[in-house]
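Each chain, letter by letter, is given below.
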Amino acid sequence: MQTYLLSQQFNARSLAENSTACPANATICNGTSCVLPEDNFNKTLSIILSTVLTIMLALVMFSMGCNVELKKFWGHIKRPWGIFVGFLCQFGIMPLTAFLLSLIFNVLPVQAVVVLIMGCCPGGTASNVIAYWVDGDMDLSISMTTCSTLLAMGMMPLCLFVYTKIWTDSNAIVLPYDSIGISLAALIVPVSFGIYVNHRWPSKAKIILKIGSIVGAILIVLIAVVGGILYKGSWIISPKLWIIGTIFPAAGYSLGFFLARVAGLSWHRCRTVSLETGMQNTQLCSTIIQLSFTPEQLELMFTFPLIYSIFQLLFALLILGGYRVYRRYRVKTKTDVEKTEEKEDSKSTSSHAKINGGFVSNETK
């Protein structure tokens, strides 16, 4: 009897400990893993940070616009071969890659859907900043981001309808057209002002561009850090999603570069298309899944956009670092060759001058 009472007391203590391990207001509980509802403080903080980051992002895009020449930008619109290649990468390669990765790793249907949503999202504005740092074609980069965001209003429903039929009804996915519209406006308006400033005051535009490129690099890292801090609750996510989140952006960068090269684009445009393909609008993906799925489903998928965001930034920084090392070596080598050629030219010119009584023609000067 005494043993029975001790057992009952132990069970009561265990229940009490379990009840304190998972708060009473948790929406999902799985042992010590809980998803908590968003409290008012976190909601207010999220709104404030979102507002600040949006303003900063608009200023960065304004500075990126200061590197865009109106004639070249309009040339991409009139002869949209580069934009068309980017379109094939954005809404052809990425959704297909997401579909194949979901099949290969045999993830749960709800997890396959979030991978596909990520693959169907338009390019993110961070790609414009990275494209600047790798000496990409800024006119093409901004025109691709603008066009992919605009075309996403029609292409996202089409791609989701085609690829998600084997897992879920595409009508169950809510597309936030207002968020897409806001993203488009936040891109077009500041870039337009930047193009105007570059047209009227080119010298001032260069100064704005240098400042904005540095701020933009800091902002990209800041957004990733803030996204991690604002995550409420902790839960175990499938290792398969971690693997997909690692492979997916790397595949996007690689396949985008390969297709652009096959299409005959120049090297700097290949780098641009590669970045536009691999860097997705992860904020839009997060918004879509929050609007479309229940808290129980979110437990299985909500972390994926953050995983993708982290690895797309990591691979972009590796690309940037690799390009900078290559560029430094190439420029150094090229400079040494030019100096050698200049010395040889000066020697031949001086010897030619001695032979001709000190006369040097204007062509050799």
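All values reported here derive from a predicted model rather than from experimental measurement. The numbering scheme is per chain: residues are counted from 1 as the chain's sequence reads. Since the coordinates come from a predicted model, pLDDT governs what is reported: local features require at least 70, and pairs of side-chain atoms require 80 or more to be given and counted, while whole-chain, interface and lining totals use all residues. Side-chain measures here rest on the full set of heavy atoms in the structure, leaving out hydrogens and waters.

1. Comments concerning unusual backbone geometry
Excluding glycine, residues mostly carry a negative phi; peptide bonds, for their part, are mostly trans.
Then comes step 1: Of note, Asn-106 is a non-glycine position whose phi angle comes to about 50°, a positive value.
Then comes step 2: Under the DSSP-based scheme used, a helix requires at least four consecutive residues in state H or I and a strand at least two consecutive residues in state E, with every element numbered from the N terminus. Looking at the element boundaries, Asn-106 is found in the loop between helix H4 (81-105) and helix H5 (109-120).
Then comes step 3: A positive phi angle is found at Asp-135, which is not glycine, with a value near 60°.
Then comes step 4: You can call Asp-135 partly exposed: its relative accessible area is 28%. When accessible area is computed with a 1.4 Å probe and restricted to protein chains, residues below 20% of their type maximum are described as buried, those above 50% as exposed, and intermediate ones as partly exposed.

2. Quick word on a nonpolar patch on the surface
Then comes step 1: Candidates for patches are residues over 30% relative accessible area with no salt bridge; among them, like charges are joined within 9 Å and nonpolar side chains (Val, Leu, Ile, Met, Phe, Trp, Tyr) within 5 Å. Note on areas: Shrake-Rupley, 1.4 Å probe, and residue coverage restricted to the protein chains presented here. A side-chain nitrogen of Lys or Arg and a carboxyl oxygen of Asp or Glu constitute a salt bridge if their distance falls within 4 Å. A surface patch of nonpolar side chains, amounting to about 480 Å² of accessible area, comprises Leu-96, Leu-100, Leu-103, Ile-104 and Ile-166.
Then comes step 2: On the secondary structure map, Ile-104 appears in helix H4.
Then comes step 3: Judged by relative accessible area, Ile-104 falls into the exposed class, the value being 64%.

3. Some thoughts on the packing of H5 against helix H7 (residues 138-163)
When two helices pack together, their arrangement is given by the angle between the helix axes and by the axis-to-axis distance.
Then comes step 1: Two elements in contact, H5 and H7, have axes whose closest approach is 10 Å; the angle formed by their N-to-C orientations is 145°. Classified by chirality, the crossing of H7 by H5 is right-handed. Listed contacts from H7 to Leu-116, Ile-117 and Cys-120 of H5 are Met-156, Cys-159, Leu-160 and Tyr-163.
Then comes step 2: Throughout, the ten residues Ala, Val, Leu, Ile, Met, Phe, Trp, Tyr, Cys and Pro are labelled nonpolar, Asp, Glu, Lys and Arg are labelled charged, and all others, Gly among them, are labelled polar. Residues belonging to the contact of H5 with H7 are distributed by class as follows: 7 nonpolar, no polar and no charged. Between N-to-C directions, angles span 0 to 180 degrees; the directions come from axes that are lines fitted to C-alpha atoms, helices contributing only their stretch in contact. Left-handed describes a crossing whose near helix is turned anticlockwise from the far helix through less than a right angle; right-handed describes the clockwise counterpart. In what follows, a contact means two residues having at least one pair of non-hydrogen atoms within 4.5 Å.

4. A look at the pattern of salt bridges
Then comes step 1: Taken as a whole and assessed by the stated rule, the structure comprises 2 salt bridges.
Then comes step 2: Between Arg-327 and Asp-135 there is a salt bridge whose closest N-O contact spans 2.9 Å. Here the residue Arg-327 occupies a position in helix H14 (residues 304-355), and Asp-135 occupies one in the loop between helix H6 (126-133) and H7, the gap between them amounting to 192 residues.
Then comes step 3: The salt bridge partner of Arg-269 is Asp-137, with a shortest N-O separation of 2.9 Å. Here Arg-269 is found in helix H11 (residues 267-278), whereas its partner Asp-137 is found in the loop between H6 and H7, with 132 residues between them in sequence.

5. Side note on the UniProt feature "transmembrane region" (unreviewed entry) in the protein
Then comes step 1: UniProt positions are given in the numbering used here, feature names are shortened, and annotations may be inferred rather than shown by experiment. The feature "transmembrane region" (unreviewed entry), as annotated in UniProt, sits at residues 45-63, 83-105, 112-134, 140-163, 175-195, 207-229, 241-260 and 306-326 in this numbering.
Then comes step 2: End C-alpha to end C-alpha, residues 241-260 measures 28 Å, and it is 100% helix and 0% strand.
Then comes step 3: Measuring from the first to the last C-alpha atom of residues 306-326 gives 30 Å, for a span that is 100% helix and 0% strand.

6. What about the nonpolar core?
Among soluble globular proteins, nonpolar side chains are generally buried collectively.
Then comes step 1: Residues belong to one nonpolar core when they are buried, are Ala, Val, Leu, Ile, Met, Phe, Trp, Tyr or Cys, and are joined through side-chain atoms within 4.5 Å. Counting 42 residues, the largest nonpolar core has Ile-117, Met-156, Phe-248 and Phe-304 as the members making the most contacts within it.
Then comes step 2: Of all the secondary-structure elements, those providing two or more residues to this core are H4, H5, H7, helix H10 (239-262), helix H12 (282-292), helix H13 (295-301) and H14.
Then comes step 3: The element contributing the most residues to this core is H5, with 9 residues.
Then comes step 4: Setting aside residues no more than four positions away along its own chain, Phe-304 makes contact with Val-114, Val-115, Met-118, Ile-237, Leu-241, Ile-244, Gly-245 and Phe-248.
Then comes step 5: Val-68, Phe-73, Leu-313 and Leu-320 belong to the second-largest nonpolar core, a separate cluster that totals 25 residues.

7. Digging into empty space enclosed by the protein
Then comes step 1: Cavity: a set of points on a 1 Å grid over the protein atoms alone where a 1.4 Å probe fits but cannot get out. Pocket: an open set with protein on both sides within 12 Å along at least five of seven lines, its lining residues, like those of a cavity, having an atom within 4 Å of a point. Grid points are joined across faces, edges and corners, and a volume is the space filled by probe spheres set on the points. This structure, assessed with the given rule, holds 1 cavity of 30 Å³ or more.
Then comes step 2: Computed from the structure, the largest cavity encloses a volume of approximately 70 Å³.
Then comes step 3: Around the largest cavity, the lining residues are Ile-83, Gly-86, Phe-87, Gln-90, Phe-91, Met-144, Cys-147, Ser-148, Leu-151 and Glu-276.
Then comes step 4: Looking at the lining of the largest cavity, the elements that each hand over two or more residues are H4 and H7.
Then comes step 5: Sorting elements by how many residues they give to the lining of the largest cavity places H4 first, with 5 residues.
Then comes step 6: Looking at the lining of the largest cavity residue by residue, the class counts come to 6 nonpolar, 3 polar and 1 charged.

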